[in-house]
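Residue strings, one per chain:
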Amino acid sequence: MVMIFDNVQKIKQKIREVCLKTGRNPEDVTIVAVTKTVPVERIIEVVNAGIYDIGENKVQELLEKRKSIDNVRWHFVGHLQTNKVKYIVDFVHLIHSVDSFKLALEIEKRARRINRVVDVLIEVNTSGERTKYGVKPEETLNLVRQISENCEYVWVKGLMTVAAYLPNPEDVRPMFRTLRELRDEISKFNFRNVEMRHLSMGMSNDYEVAVEEGATIVRIGTAIFGPRK
Ligand SMILES: *Cc1c(COP(=O)(O)O)cnc(C)c1O
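Owing to the predicted nature of the structure, the values given are computational and were not obtained by experimental measurement.

Asks: Lay out the UniProt feature "modified residue: N6-(pyridoxal phosphate)lysine" (unreviewed entry) in the protein chain with the relevant residues and their values.
Replies: According to UniProt, the feature "modified residue: N6-(pyridoxal phosphate)lysine" (unreviewed entry) maps to Lys36 in the numbering used here. Mapped onto the fold, lysine 36 is located in the loop between strand E1 (30–34) and helix H2 (40–48). For lysine 36, a relative accessible area of 23% gives the class partly exposed. Apart from residues no more than four positions distant in its own chain, lysine 36 is found in contact with Gly55, Glu56, Asn57, Glu61, Lys65 and Arg228.

Asks: Report on the packing of helix H1 (residues 4–22) against H2, specifying residues and quantitative values.
Replies: In a packed pair of helices, the relevant descriptors are the angle between the two axes and the axis-to-axis distance. As a packed pair, H1 and H2 sit with axes 9 Å apart at the nearest point and diverge in direction by 45°. When the axis of H1 is compared with that of H2, the two are oblique. Note on packing geometry: the crossing formed by H1 with H2 is right-handed. Residues Ile4, Phe5 and Val8 of H1 lie in contact with H2, whose contacting residues are Arg42, Glu45, Val46 and Asn48. Of the residues assigned to the contact of H1 with H2, the class counts are 4 nonpolar, 1 polar and 2 charged.

Asks: Please give an account of unusual backbone geometry that cites residues and values.
Replies: Most peptide bonds take the trans configuration, and most residues that are not glycine carry a negative phi. Positive phi outside glycine occurs at threonine 37, with the angle close to 70°. Assignment of secondary structure puts threonine 37 in the loop between E1 and H2. In this model, asparagine 193 sits at a positive phi of 65°, which is unusual for a non-glycine residue. Tracing the chain through its elements places asparagine 193 in the loop between helix H7 (173–187) and strand E7 (194–200). Relative accessible area serves as the criterion here: at 21%, asparagine 193 is assigned to the partly exposed category.

Conventions adopted
- Residues numbered from 1 in each chain as written.
- Predicted model: local features only at pLDDT ≥ 70, side-chain atom pairs only at ≥ 80, totals over all residues.
- Heavy atoms only, no water.
- UniProt positions renumbered as here; feature names shortened; annotations may be inferred.
- Helix = DSSP H or I, 4+ residues; strand = E, 2+ residues; numbered from the N terminus.
- Buried < 20%, exposed > 50% of the residue type's maximum accessible area, 1.4 Å probe, protein only.
- Contact = heavy atoms within 4.5 Å.
- Axes fitted to C-alpha atoms, helices over the stretch in contact; angles between N-to-C directions.
- Parallel < 35°, antiparallel > 145°, perpendicular 65-115°, else oblique.
- Left-handed = near helix turned anticlockwise from the far one by under 90°.
- Nonpolar A, V, L, I, M, F, W, Y, C, P; charged D, E, K, R; others polar.

Here's what the structure looks like:
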């Protein structure tokens, strides 16, 4: 029996401790509960524990669950195919995984039709692993610029990364640092419709290090719900 409420309290406490240590405000860190493979009853438990930001990585699964869960903000954290954009564009709170201009243009087209601004993050591959999605760090500025110059309905709110899975979370720190430095660099430009506010980084294994390095959003699955089947 996984104690979801207790797990959430533990995570919140750890985040508070890290913030205290690093002079950050804990309110500047949002926990997104990543609920892939987790059934609706358990997601409702996490909502009852005070988490209103829910992340899914598959469009179909998200749409199914959304029918049964109200009053939460839905985050899309997985790889997004252009042909699926239309299914989420009217309600999604934040798309974490924009990694091509083509995808941004599809979001733009769909968002324009319904006159809704869609907030996105740019996914950056900070680990260099070929299995990971995301733009290369050195391509990030260019993608942000392209979106800013060509889109009116896609607003860039920051960056996201899925770091390498390493047993020692200390080893992941350089990847989080890369993301933060990129954000700081891009912030110096005054791009239209770009506000480099968010760093979505840190998962169950490494969220404390991520918060130390400036994460404003941590995406947590296993540490809340237990191991996935
Ligand atoms: C599954 C997933 C997470 C959560 O991973 P845990 O290790 O279970 O916390 C975070 N981000 C993305 C993009 C994911 O797919």
